[in-house]
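Analysis of the macromolecular model
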Amino acid sequence: MMKRGLTTLELLVALGVTSITGLGVATVITSVSRGVTDMNGARSAMQRAATSHARLRAYTDTALCLLAQDERGFALWAHDERTNDVVNVSELRVFWIDGEAGEVRTEFVVFPEGMTEVERAALDLVVANAEDPFTAMLAQRALGFTRQTVLADGVGSVSVSHTERDPRDSARFRVRVGFTDAGEGERELLMAVGMPEHRRPL
């Protein structure tokens with residue numbers, strides 16, 4: 001007895017079922033792959049956020065005053081090493097927001113080794129209250145007296161706000177940072193920062 005072969009209709013139905021099954025499997029694999037990528041991206045963004053928060057706290061926990069804040073970044077009076085109640089350039093910390101590089105960088109003054117204390121004191125200029133601390137730091141950079149470190153990378157957006165009208169009167173301020181992830185989204189981190197030793201420079 002001869003075996004009956006598949007009819008054209010049966011063959012088309014079989015091919016259709018196989019195609020649908022294959023499409024379903026491919027969809028599941030793609031979804032799982034995207035999910036893993038998103039999870040890795042989110043994990044990376046959160047790790048960068050935690051690291052950035054710790055780095056910022058290392059500055060702000062001992063900082064004395066928020067001197068200025070605008071679209072360029074923000075500036076802190078880090079300490080009063082010379083105990084003269086004014087901001088010297090060596091006590092200034094500027095946090096630059098670089099949107100193109102997606103970074104927040106910290107810049108500070110480091111005088112050349114081998115200088116005597118008298119020479120250092122002569123170069124350690126006072127940043128007056130009316131003076132722009134960003135401009136003061138750029139002037140030191142032009143002299144070759146500054147260094148920079150990356151506080152945060154993979155940054156999509158940054159904004160800084162403070163509690164008082166004049167930032168110098170604010171013992172607390174907030175930094176809102178959007179960290180980009182592999183999914184091309186942003187993971188927002190709000191850092192509320194307090195300065196326990198807050199005081200205004202004279």
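Structure first, text after, so check above.
Along each chain, numbering runs from 1 in the same order as the chain's sequence is written. At least 70 in pLDDT is required for a residue's local features to be given in this predicted model, at least 80 for side-chain atom pairs to be given and counted, and no such filter applies to totals for whole chains, interfaces and linings, which use all residues. Side-chain measures were taken over the full set of non-hydrogen atoms in the model, leaving aside hydrogen atoms and water.

**Some remarks on the sheet that holds strand 10 (residues 186-194)**
Criterion used throughout: strands pair if DSSP finds at least two bridges between them. A run of H or I in DSSP becomes a helix once it reaches four residues, and a run of E becomes a strand once it reaches two; helices and strands are each numbered from the N terminus. Overall, antiparallel pairing links the three strands, which are arranged 8-9-10 in an open sheet. Since the sheet does not close on itself, it has two edges, and those belong to strand 8 (155-162) and strand 10, each with one partner. Neighbouring strand axes in the sheet, compared pairwise and without regard to direction, differ in orientation by 15° on average. Where strand 9 (residues 172-180) and strand 10 come together, nine bridges link them in antiparallel fashion. By the bridge assignment for strand 10, Arg 174 is matched with Ala 192. In this analysis, axes come from line fits to C-alpha atoms, helices being fitted only over the stretch in contact, and the angle between any two N-to-C directions falls in the range 0 to 180 degrees.

**Description of the pairing of strand 4 (residues 92-98)**
A simple rule labels every residue: compare its accessible area, found with a 1.4 Å probe on the protein chains alone, to the largest value its type can have, and call it buried under 20%, exposed over 50%, or partly exposed in between. Across the seven residues of strand 4, five count as buried, placing the element largely inside the fold. Here strand 2 (residues 73-77) runs beside strand 4; their pairing, made up of five bridges, is antiparallel. In the strand pairing of strand 4, Leu 76 is matched with Arg 93. The antiparallel pairing of strand 4 with strand 5 (residues 103-109) creates a hairpin that spans four residues between the two strands, and Gly 102 there sits at a positive phi of about 65°.

**Side note on the nonpolar core**
Core analysis: the biggest nonpolar cluster contains 19 residues, and Leu 56, Phe 74, Leu 76, Phe 95, Phe 173, Val 175 and Met 191 have the highest contact counts within it. Within the residue set of this core, elements represented by two or more residues are strand 2, strand 7 (146-152), strand 8, strand 9 and strand 10. Looking at which element gives the most residues to this core, the answer is strand 9, with four residues. The nonpolar core is taken to be a set of buried Ala, Val, Leu, Ile, Met, Phe, Trp, Tyr and Cys residues, with the residues joined through side-chain atoms within 4.5 Å.

**Some thoughts on the side chain of Thr 106**
Checked against the element boundaries, Thr 106 lands in strand 5. In this view, Thr 106 contacts Tyr 59, Val 94, Phe 95, Arg 147, Gln 148, Thr 149 and Leu 151; residues no more than four positions away in its chain are not counted. Working rule for contacts: check all heavy atoms of both residues, and any pair within 4.5 Å makes them a contact.

**Description of the pattern of salt bridges**
Throughout this description, the term salt bridge denotes a Lys or Arg side-chain nitrogen within 4 Å of a carboxyl oxygen of Asp or Glu. Evaluation of the coordinates by the stated rule reveals 14 salt bridges. Of the charged contacts, one joins Asp 80 and Arg 199 as a salt bridge, the two residues approaching to 3.3 Å between their closest N and O atoms. Highlighted residues: Asp 80 in the loop between strand 2 and strand 3 (87-88) and Arg 199 in the segment after strand 10, separated in sequence by 119 residues. Under the relative-accessibility criterion, Asp 80 is labelled buried at 10%. Residue Glu 188 pairs with Arg 176 through a salt bridge whose shortest N-O separation is 3.0 Å. Of this pair, Glu 188 sits in strand 10 while Arg 176 sits in strand 9, and the two are twelve residues apart along the sequence.

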